[in-house]
Amino acid sequence: MDFYGFYTGKIFDAYQYLGAHLTTHGTVFRTFAPGAARIALIGEFNDWQETPMHQVHDGHFWECEAADAAAGMMYKYRIYSKDGHCMDHCDPYGCGMELRPNAASLIRDMNAYQFEDQTWMQTRSDCKDQPLNIYEIHMGSFRKPSDQPDDWYRYDEMADLLIPYLKEHGYNYLEVMPLNEYPSDESWGYQSTGFYSPTSRYGTADQLKEFIDCCHQNGIGVLMDFVPVHFALDAYALSHYDGTALYEYPHNAVGVSEWGSCNFMHSRGEVRSFLQSAANYWLTEFHFDGLRMDAISRAIYWQGDPGRGVNMNAVEFLKYMNQGLKKLHPTAILAAEDSTAFPGVTKNVSDGGLGFDYKWDMGWMNDTLDYFRTDPVYRSRDYHKLTFSMMYYYSDQFLLPLSHDEVVHGKATILQKMFGGYDGKFPQARAFYMYMYAHPGKKLNFMGNEIGHFREWDEKREQDWNLLDYPAHQDFHRFMMDLSCLYTEHPALYEKDYETEGFQWLDCHQEEACIYAFERAGKEERIVAIFNFSDQAQDAYQIKVPGAKTLELLLSSNDVRYGGNADAAIEAARTENGFCISLAPFSAVYYLVTDQNVNKTAAKK
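Note that the structure is a prediction, hence the values are computed from the model and not measured.

Caption draft 1: Main features of helix H12 (residues 422-438). With 17 residues, H12 extends 25 Å from end C-alpha to end C-alpha; this agrees with the ideal 24 Å at 1.5 Å per step. Of all 17 residues in H12, 14 are buried, a share of seventy percent or more.

Caption draft 2: Main features of the sheet that holds strand E25 (residues 538-543). Here we have 3 strands laid out as an open sheet, ordered E25-E28-E27, and antiparallel in their pairing. Both edges of this open sheet fall to E25 and strand E27 (573-575), since each of them pairs with a single strand only. Across this sheet, the average inter-strand angle for adjacent strands is 35 degrees, counted without regard to direction. With 4 bridges connecting them, E25 and strand E28 (residues 578-583) associate as antiparallel partners. Bridge assignment links Gln538 to a residue of E28, and that residue is Leu583.

Caption draft 3: Spatial organisation of the pattern of salt bridges. On inspection of all chains with the given rule, the structure shows 33 salt bridges. The salt bridge partner of Asp595 is Arg526, with a shortest N-O separation of 3.9 Å. A residue pair is termed long-range when its members are at least 10 positions apart, and Asp595 in the loop between strand E29 (587-594) and helix H14 (600-603) and Arg526 in strand E24 (residues 526-532) qualify at 69 residues. Using a relative accessible area of 16% as the deciding quantity, one classes Asp595 as buried. Through salt bridges that share partners, Glu175, Asp225, Arg292, Asp294 and Glu337 make up one connected network.

Caption draft 4: Expanded view of the packing of aromatic side chains. Taken as a whole and assessed by the stated rule, the structure comprises 76 aromatic pairs. Ring geometry for Trp364 versus Tyr435: centroids 6.5 Å apart, planes at 20 degrees, classification stacked. In this pair, Trp364 sits in helix H9 (residues 362-373) while Tyr435 sits in helix H12, placing the two residues 71 residues apart along the sequence. With a relative accessible area of 1%, Trp364 lands in the buried category. We classify Tyr435 as buried; its relative accessible area is 1%. Here the basic side chain of Arg38 rests over the ring of Tyr80, its NZ or CZ set 3.7 Å away from the ring centre.

Caption draft 5: Just the packing of helix H3 (residues 155-168) against helix H4 (residues 205-217), in detail. As a packed pair, H3 and H4 sit with axes 7 Å apart at the nearest point and diverge in direction by 25 degrees. Taken together, the axis directions place H3 and H4 in an arrangement best described as roughly parallel. Crossing handedness for the pair H3 and H4: right-handed. Mapping the contact onto sequence places Tyr155, Asp156, Met158, Ala159, Leu162 and Ile163 in H3 and Gln207, Leu208, Glu210, Phe211, Cys214 and Cys215 in H4.

Caption draft 6: Examining unusual backbone geometry more closely. The omega torsion of the bond from Arg100 to Pro101 falls at 10 degrees, within 30 degrees of zero and hence cis. Positionally, Pro101 belongs in the loop between strand E8 (86-89) and strand E9 (105-106). Even without being a glycine, Asp47 presents a positive backbone phi close to 55 degrees. Looking at the secondary structure, you find Asp47 in the loop between strand E3 (36-43) and strand E4 (51-52). The exposure class assigned to Asp47 is exposed, which follows from its relative accessible area of 61%.

Caption draft 7: Quick peek at the sheet that holds strand E6 (residues 61-66). If you trace the 4 strands from one edge of the open sheet to the other, you get E1-E2-E6-E5, paired in antiparallel fashion. Lying at the two open borders of the sheet, with one neighbouring strand each, are strand E1 (19-23) and strand E5 (54-56). On average, each strand axis in the sheet is inclined to that of its neighbour by 30 degrees, with strand direction left out of account. In terms of strand pairing, E5 meets E6 through 3 bridges, oriented antiparallel. Within E6, the residue paired with Gln55 across the bridge is Trp62.

Thresholds applied
- Residues numbered from 1 in each chain as written.
- Predicted model: local features only at pLDDT ≥ 70, side-chain atom pairs only at ≥ 80, totals over all residues.
- Heavy atoms only, no water.
- Helix = DSSP H or I, 4+ residues; strand = E, 2+ residues; numbered from the N terminus.
- Expected span 1.5 Å × (residues − 1).
- Buried < 20%, exposed > 50% of the residue type's maximum accessible area, 1.4 Å probe, protein only.
- Pairing = 2+ DSSP bridges.
- Axes fitted to C-alpha atoms, helices over the stretch in contact; angles between N-to-C directions.
- Salt bridge = Lys/Arg side-chain N within 4 Å of Asp/Glu carboxyl O.
- Phe/Tyr/Trp six-rings, centres within 6.5 Å; stacked < 30°, edge-to-face > 60°.
- Lys NZ or Arg CZ within 6 Å of the ring centre and 35° of its normal.
- Parallel < 35°, antiparallel > 145°, perpendicular 65-115°, else oblique.
- Left-handed = near helix turned anticlockwise from the far one by under 90°.
- Contact = heavy atoms within 4.5 Å.

Note that every value here comes from positions in space, so none of it alone points to a role or purpose.
Written out as structure tokens, the structure is:
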């Protein structure tokens, strides 16, 4: 290992030296614990009796070899601090752990599984000019075994359940909530104890690799949530690992997060090397296609509060890590969950940015959902909540998220957020989702949104698939499938997401009628999207579409197949000044623009 690079926070491969590594003579164990007085290795292979570890290099690293230690066996480090205190720790660089509440690390042979996804890995992209339609899941509550409702499906078993579903629904990427090991189910993986250990809830490292391999062979990319800001308090993990504040800040004022976890001290090179090596580990060893990085606002600003100022050490860490990851994995996707207005989150580091590919558009999400919560009587007042997103849109490369955070903790599900009673929510939700899919930016939907989930998400229960026994949810589900597939099939909806030529307002001053219209353009295709978000029909809406000869209907949210009341195509009648269209209350329509440069067959796709 490059020890100087480790100390200065420059390396991305610390896990290849530290941790447990199989050899021809057994297993060699190494850990970094500069504050320890002494360390012993305990495990299955020595009957949990102490095998002394000896200091190597500069004395801050500890090492020993165990001839009888084999893959699958458990182990811990018994660390004696200089004040005489003793604690058994899991391995910070361990590649596997026991199922909670147990906390031993597991020896893994990380070279055993052989991937068969070479074609995918060679041809994948960061999707800037491609469709990126992400389905976010919590692995343990998508579905549960019918004979064991308190258990979980294994990683490899999930492939058979999930891949056909994703393909049928037009999702080309999957995002899984954190799969690093964590002790509390309620933390959903965001308070980790094993940053290199796939959680044993769903199986082994090889089974996770098999799952990702299967996804790739079916044309589906896999992203994982990664948490570089904080870690769990549990004493057997990183907290006071060697008897000192090795990974965390020594002072609670900045050392304890709002979730009660420990904040990483990004000013330490050893911590930076640990985190960026972990990020590289998931991308390299498991073939993940990218990382969605959690709580980036808490790295940019001290405790996430702009009033406390920018944490420059953490910002520089993000820049260096992202730049290094993109050099190692040019086509991997790096997405930031960041709700701040910090500039340049998705600009290249060389241009002064943080180097992310995408930033979650939390402003779009909040403004849009607030609008749809509002009584239609007051939507004219809030009309420009929906135009504001395009005022700042080109400042970063945005992704539109409707994530797990929006359907828990008293926030209500997406369908519930729509104003009014049960029957009135469905047409508004259909129009809302058509607005989302036509708006520039990549898409992310949390599991259950597509079936009109009414119960807030609970990590202990599977989704309420029985909702599909009810006609209203069947119709909504059919609509979401068609909309999702239409998005991936029409380049106008994604090809120029981040170019000003890809979007044009056609009408954004219908405050009283609550009508919006805009055009999306690809290289060879134009789509017009029109929305009536009022509770009143608009029988003769007039719109001008420059250069359009005809408008051919692609999708109507009011189609009877989706639970609407229109069983005929909504004709866009040509007039002297453009087109005349009748719009139902709470409805949306997409039209393909046809002219002398567009083949008629494209309109019938």
